[in-house]
Amino acid sequence: MPPKNSVVHARNRARPSFSRSILAFGAAALMAAAISACSGGSSGSGSAVKDGFTQATQSAGPLTVWVDSTRVPAAQAYQKAHPNVKLNIVTYDGDANGADTLQTKVDLYDRTGSGWPDVVFSATDNETSWGVSAGFLAPLNEGLIPQATLSNFATGSLNPCTVNGKVYCLRNDLSQVVLWYNASLMKQWGYQVPTTWPQYEQLGETVAKQHPGYLVGNAGDTFTPEIYMWASQCQANDVTGLRTVTVNVTSPDCTRMASLLDTLIKAGSMSKLSVFSTAFDKNEKGKVLMLPGPAWFGGAVFDSTSGLNVPKGQVAAAPVPQWPGTSTPSTGNVGGGTWLLSAHSAHLKEAVSFISWVTGNNAWQDELTPGFPAYVPAAKVWLANQAKSGYYAVNIDPVLQQAAGEVWPGWGYGKFSQESIWAATIDPGLTAGKTIVSMLPAWQTAITNFATSDGYQVSP
Amino acid sequence: MSPSRTTDPAGARAARRPRPVKAGHVFVAGYVILLAAFGVLPTAYGIYYAFTSTGNTFAGLSNFASAARDFRYLPAVGHVALYLVIWLTFLVLFVTGLSVVLQQLPVRRIARVARFLYYIPGALAGAAGVLVWLFMLDPTVSPAAAFLRFLGYGTFGQVIEPGHLSIRLPMIAFWTGAGGWIVVMGGALNTIPTELIEAARIDGAAGWSIARRIQIPMIRKWIVYMVILAFAGGTQLFVEPQLISAASLGVAGRDYSLTQLSYDLAFQNNNVNYASAISVELLVVSLVVAALFVTRSRFFDAS
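Residues numbered from 1 in each chain as written. Chains lettered and ligands numbered in written order. Predicted model: local features only at pLDDT ≥ 70, side-chain atom pairs only at ≥ 80, totals over all residues.

Section: the overall build of chain B
To be explicit about the condition: Secondary structure elements follow DSSP: runs of H or I no shorter than four residues count as helices, runs of E no shorter than two count as strands, and numbering proceeds from the N terminus. Here the C-beta atoms are placed from the backbone, and a residue counts as buried if at least 20 other C-beta atoms lie within 10 Å of its own, exposed if 12 or fewer do, and partly exposed otherwise. For every residue pair, C-beta atoms are placed from the backbone, and the pair is scored as a contact if these atoms sit within 7 Å.
Scanning chain B for helices and strands turns up 16 helices and 0 strands. Projected onto its principal axes, the C-alpha positions of chain B cover 65 × 55 × 35 Å. Here chain B holds 303 residues, and the buried ones make up 37% of them. Long-range contacts, defined as pairs at least 24 residues apart, comprise 69% of the intrachain contacts of chain B with a sequence gap of at least 6.

Laid out in structure tokens, this is it:
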């Protein structure tokens, strides 16, 4: 009967509803099961403990490298410099924006006993939070990479890579927070660049009165806590061990910054929009007087046609303001990728050569990379190249270099994403007109909940 | 069936019969194999996971209990329940209403054009339809920006405030899904013999009473069919909140539905067992509701 057929047909097209997600999930599980049934046990025989971990039998063959699309040029640059090495470059999402691709895949490879990549780039700093206990990450400071090379990385830049004194990754770039500002406007209006947060707050209120519509910062990004709360030494993310974290966001270190943000949001000189939102680019072009943000704001927000597109010779950077009475200056950090080496790799020599090269002095880190290199000698050349472009109103080298060593170490790198917790907990309230101070207890609860669901012991 | 076939002598037809049966088996086999590989086996595998622990030992109902104790579980149940109530109500009322109105339109061409227009959004499969809505709901790029501002929404963040999602998501689902059902109901209404409608007219029935006493009762089974499938699809709410979450950088829509929670448990918290427990719950709920509807409406009784 024709009607019946058409019913079924139209239903399928209108909404392919029947268990789609379960099917996809099931299919993946089935494949995993099938593959694990086929694999006997590839690891085991011929392996030996060397360089601080049990190494797989080494063999010849192509080096498999996983990178995100931004880091493909890095792998290609290595290939160009090493034409004899066979590279198998695989592009993946780089675990950006809270994705968990690498862990999911490694989990499947662990079940099948084969398939791990040799080298991986991750856009996050927290892969050690699972990769060490999963036995995926190889320690690098136990013989694979000489101490002389490791000590060339900026102070504290290997903190996210370090678990119990062992270094499990190399930092690609730093994202230390500085105070970006428009030097031309500051000069024109006769303002001084603030060096303390109270000065910053006062200037923000002055700007709101004298030049309404102009901004001294924004608080609408998922990484807002990593700019302001981290710099304020707020104990929101004090990862004290592999599965322990201390969270206390109602302490004065947090409330002082929260109430500063509330004051300036109310005054109107602190935007509630994300710097990457269409509304920000459309409405705030030419209206940004100051903007605390990471090193990469220079290229990604100010000198970017898809961002604020500020003309040459106006933008400058200063050290991020400090709270009076802080003994050592502290700043925050927004991202910065890491290079990982698989403990299962059968091509360790080539893998070590690869990650030493991509993080070190070379065509990639000196010129191509968009972020501030974590490897100090590379950073020097990179900064010189930035200065050559003549975009900035002042020489930003000393500011960025100084900030690189001042990232507050009390903010750790857990498995849970502080960015998505802030986004889901604080941002909707801000939109609805609530103050950040009033939402701090909810933030505490949310961090505790997410950390607990990832198996963390949370202490207040 | 073609007329030439019906004039075949009975004997010839009987002799030919085994061949179509064999061909039928071959056709069905393709489906059965795929169903087993990608439907039955994964479901069985999921059920196995739901009742075992990470060490592959039998865990009873502990995965279900632990998943239910997750802080995201109860809110997700609430979200999905509210979504189902709003969406199914809209779907049944508007799809039935619009279909009947279209069927009763005196000018058939208008009905045909309208039905086609309703169907167009459904042709944008799943995620693409949601993407269209993400643009529609962002006041900075939306063609309906003036209307959004009139409603008091200046930014995307305000439009998709978490409290608003219970209305936004059924809107999106209705827009992408209802057109297909209107076509289906149109087909169903076409099977009602015109003599019946004419007889009713002669007896003095007008539009509303024809709809209420003849058309709707006669397409009742199609409505039940729609509700069963829409319920199963609705409990698996995933694409809409997941894309809103991605577009808003996690401000709204993360862990909104049970399927999303299951996905996060499997791929963020690395706990396939809890994830499977939630999937099995959804399967059971859908089966029970489908069974209720089927038995209550005597769905499979010959009419």
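There's more to say after this.
Section: the overall build of chain A
Each helix and strand counted, chain A has 19 helices and 19 strands in total. A buried classification covers 47% of the 460 residues belonging to chain A. A separation of at least 24 residues holds for 77% of the contacts in chain A among residues at least 6 apart in sequence.

So, helix H10 (residues 252-267) of chain A
Note the cut-off: Here the expected length of a helix is defined as 1.5 Å per residue gap, with one fewer gap than residues.
For H10 of chain A, spanning 16 residues, the distance from its first C-alpha to its last is 22 Å, which sits close to the expected 22 Å at 1.5 Å a residue. Taken as a whole, H10 of chain A has its buried residues at Cys 254, Met 257, Ala 258, Leu 260, Leu 261, Asp 262, Leu 264 and Ile 265 of chain A.

Let's talk about the sheet that holds strand S16 (residues 315-318) of chain A
Residues and elements named next belong to chain A. Condition: DSSP-based pairing: two strands are paired if at least 2 bridges between them are found. Each axis is a line fitted through C-alpha atoms, taken for helices only over the stretch in contact, and angles between the N-to-C directions span 0 to 180 degrees.
Read across the open sheet, the 3 strands follow the order S15-S10-S16; overall the sheet is antiparallel. The open sheet has two edge strands with one neighbour each: strand S15 (290-294) and S16. Strand-to-strand, the axes of this sheet are offset by a mean angle of 35°, without reference to chain direction. The sheet contact formed by strand S10 (residues 177-182) and S16 spans 4 bridges and is antiparallel. Bridge pairing in S16 links Trp 180 to Ala 317. Across the sheet, helix H16 (residues 397-404) is in contact with S10 and S16; its angle to S10 comes to roughly 155°.

So, the domain arrangement of chain A
Residue and element names in this part refer to chain A. Rule in force here: Bear in mind that the domain bounds are from an automatic or database domain assignment. Polar here means any residue outside two lists: the nonpolar Ala, Val, Leu, Ile, Met, Phe, Trp, Tyr, Cys and Pro, and the charged Asp, Glu, Lys and Arg; Gly therefore counts as polar.
What the domain assignment reports for chain A is domain 1 (49-174 + 335-374) and domain 2 (177-333 + 396-459). Domain 1 and domain 2 are separated by 30 Å when their C-alpha centres are compared. Each side of the interface is counted separately: domain 1 has 18 residues, and domain 2 has 16 residues. Tallying contributions element by element places helix H5 (residues 128-131) first for the side of domain 1 that touches domain 2, with 3 residues. Its residues assigned to classes, the side of domain 1 that touches domain 2 comprises 7 nonpolar, 10 polar and 1 charged.

What about the domain arrangement of chain B?
As a measure of interface size, the accessible area lost when the parts come together is often cited. All names here are of chain B. What the domain assignment reports for chain B is domain 1 (1-50) and domain 2 (70-296). Domain 1 and domain 2 are separated by 32 Å when their C-alpha centres are compared. Taken together, the 4 residues of domain 1 in the interface contact 6 residues of domain 2. Across the side of domain 1 that touches domain 2, the residue classes tally to 3 nonpolar, 1 polar and no charged.

Comments concerning the nonpolar core
Note the threshold: Core membership is restricted to buried Ala, Val, Leu, Ile, Met, Phe, Trp, Tyr and Cys residues, and these are joined into a nonpolar core through C-beta atoms within 7 Å.
The biggest cluster of nonpolar side chains holds 183 residues, and the ones touching the most others in it are Val 119, Val 178, Trp 180 and Leu 261 of chain A. Top contributing element to this core by residue count: helix H10 (residues 165-190) of chain B, with 12 residues. Residue contacts for Trp 180 of chain A: discarding those within four places in its chain leaves Met 290, Leu 291, Gly 293, Phe 297, Gly 298, Phe 302, Val 315 and Ala 317 of chain A.

A word on helix H13 (residues 348-359) of chain A
For H13 of chain A, spanning 12 residues, the distance from its first C-alpha to its last is 17 Å, which sits close to the expected 16 Å at 1.5 Å a residue. Residues of H13 of chain A that are buried include every one of Leu 348, Glu 350, Ala 351, Val 352, Phe 354, Ile 355, Val 358 and Thr 359 of chain A, and no others.

Things to note about the sheet that holds strand S19 (residues 457-459) of chain A
Residues and elements named next belong to chain A. What the 3 strands build is an open sheet, ordered S12-S13-S19; its pairing is mixed. Each having just a single partner strand, strand S12 (235-241) and S19 make up the two edges of the open sheet. Strand-to-strand, the axes of this sheet are offset by a mean angle of 25°, without reference to chain direction. Relative to S19, strand S13 (residues 244-248) is paired through 3 bridges, and the arrangement is parallel.

Let's talk about the packing of helix H5 (residues 73-104) of chain B against H10 of chain B
When two helices pack together, you describe them by how their axes are tilted relative to each other and by the distance separating the axes. Residues and elements named next belong to chain B. How we decide: For a crossing to be left-handed, the near helix must be turned anticlockwise from the far one by less than a right angle; the clockwise case is right-handed.
Taken N-terminus to C-terminus, the directions of H5 and H10 make an angle of 35°; their axes are 8 Å apart at the nearest point. The handedness of the crossing between H5 and H10 comes out as right-handed. By residue class, the composition of the contact of H5 with H10 is 19 nonpolar, 6 polar and no charged.

Section: the packing of H10 of chain A against helix H19 (residues 436-453) of chain A
Residue and element names in this part refer to chain A. This is how it is decided: Convention used here: angles under 35 degrees read as roughly parallel, angles over 145 as roughly antiparallel, angles from 65 to 115 as roughly perpendicular, and any remaining angle as oblique.
Relative to each other, H10 and H19 sit at 135°, their axes nearing to 8 Å. Taken as axis vectors, H10 and H19 run oblique relative to one another. Side by side, H10 and H19 meet where Cys 254, Thr 255, Ala 258, Ser 259, Leu 261 and Asp 262 of the first sit next to Ile 436, Val 437 and Leu 440 of the second. Its residues assigned to classes, the contact of H10 with H19 shows 6 nonpolar, 2 polar and 1 charged.

As for the environment of Thr 70 of chain A
Within the secondary structure, Thr 70 of chain A sits in the loop between strand S3 (63-67) and helix H3 (72-81). Sequence separation between Thr 70 of chain A and Leu 174 of chain A is 104 residues, and the spatial gap between their C-alpha atoms is 15 Å.

What about unusual backbone geometry?
Leaving glycine out, the prevailing phi sign among residues is negative, and the prevailing peptide bond configuration is trans. All names here are of chain A. In this model, Asn 164 sits at a positive phi of 50°, which is unusual for a non-glycine residue. Turning to its location among the elements, Asn 164 is positioned in the loop between strand S6 (162-163) and strand S7 (166-167). Given 9 C-beta atoms within 10 Å, Asn 164 falls into the exposed group. Although it is not a glycine, Asn 309 adopts a positive phi angle of roughly 55°. Mapped onto the elements, Asn 309 comes out in the loop between helix H12 (297-302) and S16. Accessibility expressed as a C-beta count within 10 Å gives 13 for Asn 309, which makes it partly exposed.

A few points about the pairing of strand S5 (residues 119-122) of chain A
Residue and element names in this part refer to chain A. Along S5, one buried face is formed by Val 119 and Phe 121 and the opposite face, lined by Val 120 and Ser 122, is buried too. Pairing of S3 with S5 involves 2 bridges; the strand directions are parallel. Along S5, the bridge assignment pairs Trp 66 with Val 120. Summarising the sheet, S5 and strand S17 (residues 338-341) pair through 4 bridges and their orientation is antiparallel. By the bridge assignment for S17, Phe 121 is matched with Trp 339.

Considerations on the confidence of the model for chain B
Residue and element names in this part refer to chain B. This is how the line gets drawn: You can read pLDDT as the predictor saying how much it trusts each residue, on a scale of 0 to 100.
With 92% of its residues at a pLDDT of at least 70, chain B reaches an overall mean of 85. Low confidence marks residues 1-14, where pLDDT is under 50. Its contacts with residues over four positions away, or in another chain, come to 2 contacts. Both scores are available for the predicted complex, with the pTM at 0.79 and the ipTM at 0.76.

Some remarks on the environment of Ala 128 of chain B
Residues and elements named next belong to chain B. Tracing the chain through its elements places Ala 128 in helix H7 (residues 126-136). With 11 C-beta atoms packed within 10 Å, Ala 128 lands in the exposed category. Placed 111 residues apart in sequence, Ala 128 and Val 239 show a C-alpha to C-alpha distance of 10.0 Å.

Here we look at the pairing of S13 of chain A
Residues and elements named next belong to chain A. Across the two faces of S13 the burial differs, with Val 245 and Val 247 buried and Thr 244, Thr 246 and Asn 248 not buried at all. Note that S12 and S13 share 4 bridges and pair antiparallel. Directly across from Val 239, in S13, lies its bridge partner Val 245. The antiparallel hairpin formed by S12 and S13 contains 2 residues in its connecting segment.

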